[in-house]
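Listed below are the residues making up each chain.
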Amino acid sequence: MTDDATDAVRGHLRRVLLHNRDLKQRRLDRIAAEEAAGHRIVSGGRAHGAQWSLQDWRTGETIASGQQGIDEFDEVRERLDPDDTWLHIDEISFDPEPYRPIPADGLPGDLGIVLQQWISGTGTSSAALAAFIGWTEEQVDEAR
């Protein structure tokens with residue numbers, strides 16, 4: 001790869017990571033606003049078969065769990081949250097449209113999309129990505 005092409009790829013990867021970092025921050029800001037408005041953010045739901053669990057998203061504390069299916073889940077949630085102030089983390093949207101960054105000069109558009117997927121892949125190490133784009137591993141982890 002020529003120096004110009006390598007620089008184009010590096011620049012594109014950095015822009016995608018910066019955008020991801022901004023999205024993460026917007027989501028955290030939205031969560032903080034919901035909490036400030038009196039909502040408790042929860043996670044969990046059906047686990048296996050009729051098993052379910054409900055956790056506090058912020059602390060990871062298990063609020064409730066059961067093995068009797070969705071009816072039990074609904075009954076317990078209504079009993080523990082009678083004012084309906086809990087929000088499931090999956091209900092908190094923060095970006096209605098997927099991001100498609102404009103590739104750097106000289107970088108084909110399809111390659112830009114593949115690079116976005118590569119950044120998000122579980123097999124892509126933060127250390128390798130950081131070394132390639134000239135960031136620290138901590139900066140990459142913060143932006144992923």
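Relevant structure appears above.
These remarks concern the structure in this document.

### Some thoughts on the packing of aromatic side chains
Thinking step 1. All chains considered together, the criterion is met by 1 aromatic pair.
Thinking step 2. Taken together, a centroid distance of 5.2 Å and an interplanar angle of 85° make the contact between Trp52 and Phe73 edge-to-face. Of this pair, Trp52 sits in strand 2 (residues 52–56) while Phe73 is found in helix 2 (residues 70–80), placing the two residues 21 residues apart along the sequence.
Thinking step 3. Residue classification places Trp52 among the buried residues on the basis of a relative accessible area of 5%.
Thinking step 4. Stacked on the ring of Phe132, the Lys or Arg Arg10 has its end atom at 4.7 Å from the ring centre.

### Let's talk about the environment of Arg46
Thinking step 1. By secondary structure assignment, the location of Arg46 is in strand 1 (residues 40–46).
Thinking step 2. Of the polar contacts made by the side chain of Arg46, one reaches the backbone oxygen of Gly49; its length is 3.2 Å.

### Re the environment of Trp118
Thinking step 1. Topologically, Trp118 is positioned in helix 3 (residues 109–120).
Thinking step 2. You can call Trp118 partly exposed: its relative accessible area is 35%.
Thinking step 3. As a C-alpha pair, Trp118 and Leu13 span 105 residues in sequence and 9.5 Å in three-dimensional space.
Thinking step 4. For Trp118, the contacting residues outside a window of four places in its chain are Leu13, Thr124, Leu129 and Arg144.

What counts and how
- Residues numbered from 1 in each chain as written.
- Predicted model: local features only at pLDDT ≥ 70, side-chain atom pairs only at ≥ 80, totals over all residues.
- Heavy atoms only, no water.
- Phe/Tyr/Trp six-rings, centres within 6.5 Å; stacked < 30°, edge-to-face > 60°.
- Helix = DSSP H or I, 4+ residues; strand = E, 2+ residues; numbered from the N terminus.
- Buried < 20%, exposed > 50% of the residue type's maximum accessible area, 1.4 Å probe, protein only.
- Lys NZ or Arg CZ within 6 Å of the ring centre and 35° of its normal.
- Polar contact = N/O pair within 3.5 Å; in protein donor to acceptor, adjacent residues only side chain to side chain.
- Contact = heavy atoms within 4.5 Å.

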